[in-house]
Amino acid sequence: MMRLEPIKVPSKEFMESIGFYWHTDENSKSYIADVIALVSESEAEAYYEATNELYDMFAEAGEYVIQNNLFHELGIPFNLVEAVKMSWSNDVHWHLYGRFDLAGGLDGKPIKLIEFNADTPTALFETSILQWAMLKANGKNETEQFNNLYEALEQNFKRLVTLSEETDSFYERYEGWNILFSSIRGNIEEENTVKLLQHIATEAGFNTHFAFVDEVVFSEDGVFVDGDKFDYWFKLIPWESIALEESDLAMLLTQIMRNKEAIILNPAYTLMFQSKAFLKILWDLYPNHPLLLETKETPLVGKSYVEKKIFGREGANTKIVSYDGSIMAQSNGEYGSLKSIYQEYVELVTDNSGKSYQAGVFYAYEACGLGFRRGGKILDNYAQFVGHRVI
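Residues numbered from 1 in each chain as written. Predicted model: local features only at pLDDT ≥ 70, side-chain atom pairs only at ≥ 80, totals over all residues. Heavy atoms only, no water.

Engineer: Could you give me a rundown of the pairing of strand β13 (residues 305-309), with the residues and numbers involved?
Structural biologist: Here β13 lies mainly inside the structure; 5 of its 5 residues are buried. Neither face of β13 is exposed, since Tyr 305, Glu 307 and Lys 309 on one face and Val 306 and Lys 308 on the opposite face are all buried. Sheet topology note: the β13/strand β14 (residues 319-321) ladder contains 3 bridges and is antiparallel. Note on β14: the bridge partner recorded for Glu 307 is Lys 319. Pairing of β13 with strand β16 (residues 340-344) involves 5 bridges; the strand directions are antiparallel. Counterpart to Lys 309 in the pairing with β16 is Ser 340. (Buried < 20%, exposed > 50% of the residue type's maximum accessible area, 1.4 Å probe, protein only. Helix = DSSP H or I, 4+ residues; strand = E, 2+ residues; numbered from the N terminus. Pairing = 2+ DSSP bridges.)

Have a look at this one:
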């Protein structure tokens, strides 16, 4: 059972004053839960260790995919395969951050990987900024968290230049490179998430600029806004969306990378990790690993499983099937035409009202920030964000 502590949710006015506008769902329900999860130091350490181990496994499995050309198995569109290979082969294409979704970890339940949001993970603002504000507003010690996400991102921006664990040589090596940050127009959550990353990069020492993606000019010579050329382009736009909906842009970005005119963040190889079919590769390479759930391309026999689309988001087009074939839960969505994978079902930790909790641990060179989502068996875009406190 989840250990929870009631809190007073900060006022809408306060949240908006720090740039957090997506505090209320379409059904007028607060997106921020009025409780926080209580996590022991040993549980926080276990999340940290598990996430670091999982990332190492992803890196090893990524090399296996590259060496064996398993892009089709992952559903990676052909027009991005070269970009994936190029970004993988050169360290300048540094992975800035991602978020692992995990079952268990509390109440004695083992930690299990659900999936890795490696390309465009959400809940960055909530985890890195809002959790601190929530604790402080409730008279709690805001340092009692597994959460140095803001600082970890600042250091990882510096690693774009140092390309190593150490970051002290950043200013010796930095040559005035600039980063353009972009989101789509009309989505305040994505816009302010990107602007938070821009702010962190500025504090790290980079020259930065923000522009909506429709204001950006792409050519074989690079990435431009109002005639100014940028060395890095951070886009909160999924690589698979670029490949499937903007094929000309996918080819242009590949050419830009080939010509070494700009570096795209997050790198194209994160599309491998983002594909839920990668979970099947992991299981093949690490069968029965304690952090993994059995995952196949066909329905599992004799055990309950989750059917989900390889590039589905926010729980859409997900089905939970019992070992006897009956459907426990399902959701609709826009990803129905995509390939499915089948992952062993595991119960999430619940509270005394039956609500489920899934841990999200951010990774920026190392595990660095914990938060939770709360909802039903399938966590959709109405799931609430739940902060935490280490006790």
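Engineer: Outline the pattern of salt bridges, listing residues and values.
Structural biologist: Using the criterion set out here, one finds 20 salt bridges in the structure. Of the charged contacts in the structure, one is a salt bridge between Glu 5 and Arg 389, with a shortest N-O distance of 2.8 Å. One end of the pair, Glu 5, is in strand β1 (residues 4-6); the other, Arg 389, is in strand β20 (residues 384-390), and 384 residues separate them in sequence. Comparing Glu 5 with Arg 389, the two get one shared label, buried. Note that Lys 296 is salt-bridged to Glu 294, the shortest N-O span being 3.4 Å. Lys 296 sits in the partly exposed class, given a relative accessible area of 37%. Ionic contacts of the salt-bridge type, sharing partners, join the residues Glu 5, Lys 140, Glu 144 and Arg 389 into one network. (Salt bridge = Lys/Arg side-chain N within 4 Å of Asp/Glu carboxyl O.)

Engineer: Break down the sheet that holds strand β6 (residues 207-210) for me, citing the residues and quoting the values.
Structural biologist: With parallel pairing, the 4 strands of this open sheet are ordered in space as β6-β5-β10-β11. Across the chains shown, the open sheet's two edge strands, defined by having one partner strand only, are β6 and β11 (263-265). Within the sheet, the average angular offset between the axes of one strand and its neighbour, ignoring direction, is 20°. As paired elements, strand β10 (residues 232-235) and β11 share 3 bridges and run parallel to each other. Across the sheet, residue Trp 233 finds its bridge partner in β11, namely Ile 264. The strands that helix α7 (residues 188-204) touches are β5 (178-182), β6 and β10; relative to β6, the one it contacts most, it runs at about 165°. (Axes fitted to C-alpha atoms, helices over the stretch in contact; angles between N-to-C directions. Contact = heavy atoms within 4.5 Å.)

Engineer: Residues and numbers for the packing of aromatic side chains, please.
Structural biologist: Within this structure, the stated rule accounts for 35 aromatic pairs. Judged by centre distance (6.3 Å) and plane angle (20°), the ring pair of Phe 20 and Tyr 31 falls under stacked. Taken together, the positions of Phe 20 in the loop between α1 (12-17) and β2 (32-39) and Tyr 31 in the loop between α1 and β2 put the pair 11 residues apart, joining distant regions of the chain. Judged on exposure class, the residue Phe 20 and its partner Tyr 31 are both buried. Where Tyr 174 meets Trp 177, the ring centres are 6.1 Å apart and the plane angle is 75°; that geometry is what we call edge-to-face. (Phe/Tyr/Trp six-rings, centres within 6.5 Å; stacked < 30°, edge-to-face > 60°.)

Engineer: I'd love a proper account of a negative patch on the surface, names of residues and values included.
Structural biologist: Together, Glu 45, Glu 49, Glu 53, Asp 56 and Glu 60 make up a region of like negative charge exposed at the surface. Positionally, Glu 60 belongs in helix α2 (residues 41-68). (Patch = residues over 30% accessible without salt bridge, like charges linked within 9 Å, V, L, I, M, F, W, Y side chains within 5 Å. Areas by Shrake-Rupley, 256 points an atom, 1.4 Å probe, with all protein chains shown as cover. Lys, Arg positive; Asp, Glu negative; His and termini not counted. Charge placed at Lys NZ, Arg CZ, Asp CG, Glu CD.)

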